[in-house]
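# Commentary on secondary and tertiary structure
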Amino acid sequence: MISIKNLHKKFGDLEVLKGIDADVQKGQAIVVIGPSGSGKTTFLRCLNTLETPTSGSVTIDEQTVDFSKSLSKKQIMAFRKQSAMVFQHYNLFPHMTALENVMEGPVTVQKQDKKLAKKKPNSC
């Protein structure tokens, strides 16, 4: 489960995320819709700490990150291992197959054995 509580993100005086609350159950698919510039990408980037929220918390399974407190690099990296993101303008590695591209994250970031990453799909 993913639980987002009172998530805020400011860039200077511009408040982009204004207290977002959401719960996503395991296996549930959701869609984030809105006009260009409404904060969709910022929201998604905050969920895996590619952007650091100004305040609020995100819980993935049993691991909660409270953004009102200072986070160590170790805490951020541990939290990122619980999530993944496909960028808007993604580029696959042209010298790799589709499967090898999908396996790259678990093998490089999570240090999974290649045979295990190939055999076991990441589940939601």
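Above this text sits the structure in question.
As a starting point, this report considers the structure included with it. Residue numbers here run from 1 along each chain, matching the order of that chain's written sequence. Reporting in this predicted model follows two pLDDT cut-offs: at least 70 for local features of residues, and 80 or more for side-chain atom pairs to be given and counted; totals over whole chains, interfaces and linings ignore these cut-offs and use all residues. Note that water and hydrogens are dropped before the side-chain values are worked out from all heavy atoms of the structure.

### Details of the overall build of the protein
A count of helices and strands for the protein gives four helices and four strands. Start at the N end of the protein and walk to the C end: the helices and strands fall as β-β-α-β-β-α-α-α. In terms of overall dimensions, the protein has C-alpha extents of about 45 × 30 × 30 Å along its principal axes. Per-residue burial for the protein yields a buried fraction of 25% across its 124 residues. Contacts: residue pairs with any heavy atoms within 4.5 Å of one another. Put simply, 42% of the contacts in the protein that link residues at least 6 apart link residues at least 24 apart. The method behind every accessible area is Shrake-Rupley, applied with a 1.4 Å probe, and residues are considered shielded solely by the protein chains displayed. Taken as a whole, the protein presents about 9,100 Å² of accessible surface, with 56% of it coming from carbon and sulfur. Neither His nor the chain ends is counted toward charge; the positive residues are Lys and Arg and the negative residues Asp and Glu. Charged groups are reduced to one reference atom each: NZ for lysine, CZ for arginine, CG for aspartic acid, CD for glutamic acid. Distance between charge centroids for the protein: 6 Å, based on 18 positive and 11 negative side chains. Each helix corresponds to a stretch of at least 4 residues labelled H or I by DSSP, and each strand to a stretch of at least 2 residues labelled E; elements are numbered beginning at the N terminus. The buried label goes to any residue with under 20% of its type's maximum accessible area, the exposed label to any with over 50%, and the partly exposed label to all in between, with areas taken from a 1.4 Å probe on protein chains only.

### Observations concerning helix α1 (residues 40-47)
For α1, the full list of buried residues reads Thr42, Phe43, Cys46 and Leu47. Buried residues in α1, looked at end-on, bunch into an arc of 140°, giving them a common side. Residues of α1 that are buried in the fold lie against β1 (2-11), β2 (14-24), β3 (55-60) and α2 (73-80). The first or second residue beyond α1 is Thr49, which carries a positive phi of 60°. Throughout, the arc means the angular range of directions from the helix axis out to the C-beta atoms.

### Points about the pairing of β1
Direction of pairing for β1 relative to β2: antiparallel, over a ladder of eight bridges. When the bridges of β2 are listed, Phe11 appears paired with Leu14. Pairing between two strands requires that DSSP report at least two bridges joining them. Connecting β1 to the next strand, β2, in antiparallel fashion are two residues, including Gly12 with a positive phi near 65°. Relative to β3, β1 runs antiparallel, the two being bridged by five bridges. Across the sheet, the residue bridging to His8 is Ser55, located in β3.

### Structural notes on helix α3 (residues 98-108)
Within α3, the full set of buried residues consists of Asn101, Met103, Pro106 and Val107. Those residues of α3 hidden inside the fold are in contact with α4 (114-119).

### A closer look at a nonpolar patch on the surface
A cluster of nonpolar side chains, contributed by Ile30, Val32 and Leu44, occupies part of the molecular surface with about 230 Å² of accessible area. Along the chain, the position of Leu44 falls in helix α1. Overall, Leu44 belongs to the partly exposed group, its relative accessible area being 37%. Residues enter patches when they are more than 30% accessible in relative terms and free of salt bridges; like-charged ones are connected within 9 Å and nonpolar ones (Val, Leu, Ile, Met, Phe, Trp, Tyr) within 5 Å. The rule for a salt bridge is simple: a side-chain nitrogen of Lys or Arg has to be within 4 Å of a carboxyl oxygen of Asp or Glu.

### Focus: the pairing of strand β4 (residues 63-66)
Taken together, the four bridges between β3 and β4 define a ladder with antiparallel strand orientation. Within β4, the residue paired with Val58 across the bridge is Val65. The antiparallel pairing of β3 with β4 creates a hairpin that spans two residues between the two strands, and Asp61 there sits at a positive phi of about 55°.

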